[in-house]
Amino acid sequence: MTNTSIQPNSPFVRSSRTFLQYVVYASFILYFGRDLFVPLAMAALISFVLHPICSWMERRGIGRMTAIIIGVSVLMLVFLSLVALLAKQFFDFVNEWPTLQTKLVASLQQLSDFMVNAYGISREQQGRWMMQATDQTAGNLFTIFQKAVSFSAVSVVMLILIPIYSILILYYRHLWAEVLYRIFPEEKQEDIKEILSLSITTYYNFIKGMGLVYLIVGILNSVGLLLLGVPHAILFGLIASILTFIPYVGIMVGALLPITMAWATYDSIWYPVGIVAIFTFVQYLEANVIFPWAVSNRLNVNTMVVLIAIFVGGLLWGLAGMILFVPFVGIIKLIADHNPNLKTLAMALGTQSR
């Protein structure tokens, strides 16, 4: 009888062991070096997106640095405008807080009366429960405040570093490309040029895919709010679609504004419940259908690999990793397509099946 078991020192076992070692080493480097790699990766993403625009301006006679500064400035202006719009909506929400507070006090009073009449829970017992919940909430709020301050400080640093890195990457792009070509043998340089060109296209297609995701989610949110009769439905729907960029938390923050408006306008609990139901359904579609379909098709990477990349990116780099690891996988797919030794990997990452 032939022994078909895998031998401990077989080539398959050795190659698998080596591959796992590389994965572990790379994970450690990416995790502990995330403070350096995240802004660089973000800058590379921005540089790849702006490269066609800057090249077009340079061919029209505009200086390289001038074209780069124009491109980065326009992108920053769009980003800051979005932040200003969200800040305005937040302050509008704060201005409506007195009305909400009155409604909240009345609702809590009704809930207290219901618990006394239906379950015989005294107001003293309810007060003790409220004190315990308040103490726990205060501790949680302090932790959230600390994290918010830390996140804000990091965000300010990123807001400075990422544009600078992007400008330098774009300005010295020919130098970086030449260095990359010299690393590899001369017969491989044409393949490297093609991979680099396709990588830029991959990042650009990724951004287009993300734009399509936000557009579809914004339309679905707006249609749902319009059907409920919520004022400013299109504005609230688009803001909520952008905030879905932040997993789980974003959809809750995005729902606060329309819930506030619906509650203040109709004075009924069913409208906020309807908004929560609509946003939850749209969030489910976005996470499980829309995002994998739109982005994976742009990258020629199958949906399962996209979801794994999002999960692994979140573990290693947090929110930034959930964005950046998806195009990383697309670039790995490009490299595998151009390397005969990696055809199996290319097949595992791809979308075509036989």
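Look above for the structure.
Here the structure is a predicted model, which is why all the values come from computation and not from measurement.

**Concerning the packing of helix H2 (residues 34–59) against helix H7 (residues 189–228)**
Argument step 1. The interhelical angle for the contact between H2 and H7, taken along N-to-C directions, is 95°, at an axis separation of 9 Å. When the interaxial angle is binned, H2 and H7 end up roughly perpendicular. Packed against H2, whose contacting residues are Leu 45, Phe 48, Val 49 and His 51, the element H7 presents Ser 199, Ile 200, Tyr 203, Tyr 204 and Ile 207 at the interface.

**Things to note about the pattern of salt bridges**
Argument step 1. Applying the stated criterion across every chain yields a total of 1 salt bridge.
Argument step 2. Note that Glu 58 and Arg 173 form a salt bridge whose closest N and O atoms lie 2.9 Å from each other. Placement of the pair is Glu 58 in helix H2 and Arg 173 in helix H6 (residues 173–183), with a sequence separation of 115 residues.
Argument step 3. A residue is classified by how much of its surface remains accessible, and Arg 173, at 13% relative accessible area, is buried.

**Description of the nonpolar core**
Argument step 1. Met 42, Trp 317 and Leu 324 are the most contacted members of the largest nonpolar core, which totals 32 residues.
Argument step 2. For this core, the secondary structure elements donating two or more residues are H2, H7, helix H10 (270–299), helix H11 (303–317) and helix H12 (319–337).
Argument step 3. Here this core gets 7 residues from one element, more than from any other, and that element is H12.
Argument step 4. In contact with Leu 324, not counting residues within four places along its chain, are Val 38, Ala 41, Met 42, Leu 45 and Trp 317.

Definitions and limits used
Residues numbered from 1 in each chain as written. Predicted model: local features only at pLDDT ≥ 70, side-chain atom pairs only at ≥ 80, totals over all residues. Heavy atoms only, no water. Axes fitted to C-alpha atoms, helices over the stretch in contact; angles between N-to-C directions. Helix = DSSP H or I, 4+ residues; strand = E, 2+ residues; numbered from the N terminus. Parallel < 35°, antiparallel > 145°, perpendicular 65-115°, else oblique. Contact = heavy atoms within 4.5 Å. Salt bridge = Lys/Arg side-chain N within 4 Å of Asp/Glu carboxyl O. Buried < 20%, exposed > 50% of the residue type's maximum accessible area, 1.4 Å probe, protein only. Core = buried A, V, L, I, M, F, W, Y, C linked by side-chain atoms within 4.5 Å.

Spatial relationships are all this shows, so hold off on functional conclusions.
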